[in-house]
Amino acid sequence: QVQLVESGGGLVQPGGSLRLSCAASGIVFMLYDMGWYRQAPGKQREMVAAITRGGSTNYADSVKGRFTISRDDAKNTVYLEMNNLKFEGTAVYYCNAQRRLSDGTLITYWGQGTQVTVSS
């Protein structure tokens, strides 16, 4: 069974920081690109940050300079360091694992999500 288990969410004040973790099991972690997505009530799920199996990163414009994604293949874990959090950061954050097979099939897995609430 494949599992992506997020942790680290919670309540934080504007300007504060949180570090999210996603522990993966049931996959060969090093073969997967990893990402963090978030979804606020009434809004579409959006990509926040992504990191390829080779270590290349990509960020949504709204979080550039404030968030950092990283991975530790030895621990099968991807992290999202969130600094200078803003009200707009309130959302459920989801971990994503993705790879494309040789026949073109796209394989994706999702975690259960962790709530981040930014409030004064």
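Scroll up for the structure.
Residues numbered from 1 in each chain as written. Predicted model: local features only at pLDDT ≥ 70, side-chain atom pairs only at ≥ 80, totals over all residues. Heavy atoms only, no water.

Caption draft 1: Quick peek at the overall build of the protein chain. Secondary structure assignment for the protein chain yields zero helices and 11 strands. Radius of gyration (C-alpha) of the protein chain: 14 Å, near the 14 Å computed for a compact globule of 120 residues. Seen through its C-alpha atoms, the protein chain measures out along the principal axes to roughly 50 × 30 × 25 Å. Taken across its 120 residues, the protein chain has 38% of its residues classed as buried. A separation of at least 24 residues holds for 55% of the contacts in the protein chain among residues at least 6 apart in sequence. When the accessible surface of the protein chain is summed, it comes to about 6,500 Å², and 47% of that surface belongs to carbon and sulfur atoms. Distance between charge centroids for the protein chain: 1 Å, based on 12 positive and 9 negative side chains. (Helix = DSSP H or I, 4+ residues; strand = E, 2+ residues; numbered from the N terminus. Rg over C-alpha atoms; globule rule 2.2 N^0.38 Å. Buried < 20%, exposed > 50% of the residue type's maximum accessible area, 1.4 Å probe, protein only. Contact = heavy atoms within 4.5 Å. Areas by Shrake-Rupley, 256 points an atom, 1.4 Å probe, with all protein chains shown as cover. Lys, Arg positive; Asp, Glu negative; His and termini not counted. Charge placed at Lys NZ, Arg CZ, Asp CG, Glu CD.)

Caption draft 2: Spatial organisation of the pairing of strand β1 (residues 3–7). Residues L4 and E6 point to one face of β1 and are all buried, whereas Q3, V5 and S7, pointing to the other face, are not buried. Sheet analysis places β1 next to strand β3 (residues 18–25), joined by five bridges and oriented antiparallel. Looking at the pairing, Q3 lines up with S25 of β3. (Pairing = 2+ DSSP bridges.)

Caption draft 3: The packing of aromatic side chains, seen in detail. In total, this model carries two aromatic pairs according to the counting rule given. With centroids separated by 6.2 Å and ring planes inclined at 50°, the aromatic side chains of Y32 and Y109 adopt a geometry described as tilted. Here the residue Y32 occupies a position in the loop between β3 and β4 (33–39), and Y109 occupies one in strand β10 (residues 106–110), the gap between them amounting to 77 residues. With centroids separated by 5.0 Å and ring planes inclined at 70°, the aromatic side chains of Y37 and W110 adopt a geometry described as edge-to-face. Linking Y37 in strand β4 with W110 in strand β10, this pair joins segments that are 73 residues apart in sequence. Sitting over the ring of Y79, R19 keeps its end group 4.0 Å from the ring centre. The ring of Y94 has R45 lying over it, and the distance from NZ or CZ to the ring centre is 3.9 Å. (Phe/Tyr/Trp six-rings, centres within 6.5 Å; stacked < 30°, edge-to-face > 60°. Lys NZ or Arg CZ within 6 Å of the ring centre and 35° of its normal.)

Caption draft 4: How the structure looks around the pairing of β10. By the bridge criterion, five bridges tie strand β9 (residues 91–100) to β10 in an arrangement that is antiparallel. By the bridge assignment for β10, A97 is matched with Y109. Between β9 and β10, which follow one another and run antiparallel, lie five residues, and G104 among them has a positive phi close to 95°.

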